[in-house]
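# Summary of structural features
Below are the chains, spelled out letter by letter.
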Amino acid sequence: MRGSRMNELNQAVCWVTGAAGGIGKAVCSLIIANGGHLVVSDANEAKLYELCEELKNEQTKILPIVLDVSDQQEVRVAGEKIESMFGRLDVLVNGAGISPKGENGRVLVEDMDPAIWRKVLDINLNGTFYCSQVAVKLMKKHKKGHIVNIASSAGRTYSPITGAHYAASKAAMISLTRQLAGEVGPDGIYVNAVAPGRIDTPMIWDVASEVNENAANNTPLRRLGTPEEVAKAIGFLISEQSSFITGAVIDVNGGRFMV
Ligand SMILES: NC(=O)c1ccc[n+]([C@@H]2O[C@H](COP(=O)([O-])OP(=O)(O)OC[C@H]3O[C@@H](n4cnc5c(N)ncnc54)[C@H](O)[C@@H]3O)[C@@H](O)[C@H]2O)c1
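Residues numbered from 1 in each chain as written. Predicted model: local features only at pLDDT ≥ 70, side-chain atom pairs only at ≥ 80, totals over all residues. Heavy atoms only, no water.

By the naming in an unreviewed UniProt entry, the chain goes by SDR family oxidoreductase and is assigned to Brevibacillus nitrificans. As recorded by UniProt, the Sequence similarities (unreviewed entry) comment attached to the chain reads in full: "Belongs to the short-chain dehydrogenases/reductases (SDR) family." (UniProt positions renumbered as here; feature names shortened; annotations may be inferred.)

Once that is clear, we can look at the sheet that holds strand S1 (residues 13–17). Strand order in the open sheet formed by seven strands is S3-S2-S1-S4-S5-S6-S7, with parallel pairing between adjacent strands. Edge positions in the sheet fall to strand S3 (62–66) and strand S7 (249–252), since each has one partner strand and no second. Between one strand axis and the next, the sheet turns through 15° on average, direction left out of account. Relative to S3, strand S2 (residues 37–42) runs parallel, the two being bridged by five bridges. Along S3, the bridge assignment pairs Ser41 with Ile65. Each of S1, S2 and S3 touches helix H3 (residues 72–86); the most contacted strand, S3, lies at about 165° to it. Each of S1, strand S4 (91–94), strand S5 (145–150) and strand S6 (189–196) touches helix H4 (residues 114–142); the most contacted strand, S4, lies at about 175° to it. (Pairing = 2+ DSSP bridges. Helix = DSSP H or I, 4+ residues; strand = E, 2+ residues; numbered from the N terminus. Axes fitted to C-alpha atoms, helices over the stretch in contact; angles between N-to-C directions. Contact = heavy atoms within 4.5 Å.)

Attention now moves to the pairing of S6. Consecutive side chains of a regular strand alternate in pointing toward one face of the sheet and then the other. When you tally the buried positions in S6, you get seven out of eight residues, the bulk of the element. As judged from the six bridges shared by S5 and S6, these two strands associate in the parallel manner. From the neighbouring strand, His146 faces S6, where its bridge partner is Tyr190. Sheet analysis places S6 next to S7, joined by four bridges and oriented parallel. (Buried < 20%, exposed > 50% of the residue type's maximum accessible area, 1.4 Å probe, protein only.)

Here we take up the pairing of S1. Buried residues dominate S1, accounting for five of its five residues. Here S1 shows two buried faces, one formed by Val13, Trp15 and Thr17 and the other by Cys14 and Val16. Sheet analysis places S1 next to S2, joined by five bridges and oriented parallel. Along S2, the bridge assignment pairs Thr17 with Ser41. In this region the chain leaves S1, passes through helix H1 (residues 22–33) and returns to the parallel neighbour S2; the handedness of that crossover is right-handed. Here S1 runs beside S4; their pairing, made up of four bridges, is parallel. (Right-handed = clockwise from strand over helix to strand, strands pointing away.)

Two numbers describe how H4 lies on helix H5 (residues 164–184): the axes approach to 8 Å, and their chain directions differ by 15°. In terms of their interaxial angle, H4 and H5 are classed as roughly parallel. Between H4 and H5 lies a crossing whose hand is right-handed. Where H4 approaches H5, its residues Ile116, Trp117, Val120, Leu121, Asn124, Leu125, Thr128, Phe129, Ser132 and Val136 are matched on the opposing element by Ala164, His165, Tyr166, Ala168, Ser169, Lys170, Ala172, Met173, Leu176, Leu180 and Val184. Looking at the contact of H4 with H5, its residues break down into 15 nonpolar, five polar and one charged. (Parallel < 35°, antiparallel > 145°, perpendicular 65-115°, else oblique. Left-handed = near helix turned anticlockwise from the far one by under 90°. Nonpolar A, V, L, I, M, F, W, Y, C, P; charged D, E, K, R; others polar.)

According to UniProt, the "domain: Ketoreductase" (unreviewed entry) feature falls on residues 12–197. Within the segment residues 12–197, helix and strand shares are 47% and 18% respectively, and the terminal C-alpha atoms sit 28 Å apart.

So, about the pattern of salt bridges. Where charged atoms of side chains with opposite charge meet at close range, the side chains can pair. Taken as a whole and assessed by the stated rule, the structure comprises ten salt bridges. With its nearest N and O atoms 3.8 Å apart, the salt bridge here joins Asp206 to Lys101. Of this pair, Asp206 sits in the loop between S6 and helix H6 (209–217) while Lys101 is found in the loop between S4 and H4, placing the two residues 105 residues apart along the sequence. Judged by its relative accessible area of 17%, Lys101 is buried. Linked through salt bridges whose partners overlap, the residues forming this network are Arg88, Asp90 and Lys144. (Salt bridge = Lys/Arg side-chain N within 4 Å of Asp/Glu carboxyl O.)

This is how it looks when you write it as C-alpha cells:
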C-alpha cells in the first residue's frame, strides 16, 4: 500500500473519530493510501496508540487525540489541537459509536435504563454534533470540506437486532446530516452519511453467532459486509468523484434494506 499511494486526497487533513474500531481503522488506511494526513480520535487510549503504530509511515502526519466525543469540552480542545498542528481541517468522519446490548441480546424499550438511552444518544448523536460544530468552524475558513457521518440501516428501518436507543440515534444522525448539508453547502462544505448494514467488526461480536448468521442469510448478497467496503463508500464521498453529492445517505448493506 505504501508504495502504490494514489494522491486523490492530496495531503488533506482528515479527522476520524472511533478510529481504533473496525470501520475507523479501515477508513484510516484508505485515507493514507490516498495521500491524506490523519487526526485519529478514540476513547480507547491503548487501542488508539496501537493503531498509530500500525499506520505509521514516512509520508503521513498522524495526530492522535484521545477523546470521548460526548464531552463537548474535550471536543473543543481537539479542534484547537488540530488547528495548531495543521491550521486546517478538510475531512471529518464521525465514526465513534456504541450499540449496547443486554445479556440476551438487545434490550426492549420497556426494560431500558434511561441512563443507557442517554449514553447512546450522547455518544452517537451528540458526539457527532459536537465534532461537526468544531469541523464546520475550521472548514469555513477555507470554504471547503467534507463531513461523513457513519449512520446505520438501523436508522433507516426497523432493526430486530439493535436497541431503540441505537436506532433513534442513527435516525437522528441522518436528519443532522441533511440539515447541516443544507446549512453549509453554500460554504463549499459537503455533508453526507453512510448507512452500513451488518458489518463484521467488534461491534457485532457481542451477540450469539446465530444472530449474525441469520443476518447474513437474510441479506441478498448472503454475507456480512467488511469494514473496507464501508471505507470505500466513505472514500467515494470524500473524493472528487462525488462532487455534486451532499445531504445523501449511501446504503452499504448488501441489499438488506432497499428504498
Ligand atoms: N459494525 C456494524 O455492523 C455497524 C453497522 C452500522 C453502523 N455502524 C457504525 O459504524 C461506526 C463504527 O463502528 P464499528 O463497527 O467499527 O465498531 P467498533 O466497536 O469496532 O468501533 C467503534 C469505536 O468507537 C469508539 N468509541 C466508543 N465510544 C466512544 C466515545 N465516547 N468517544 C470516542 N470514541 C468512542 C470505540 O472505542 C471503538 O474504537 C459506529 O458509529 C457504528 O454505530 C456499525
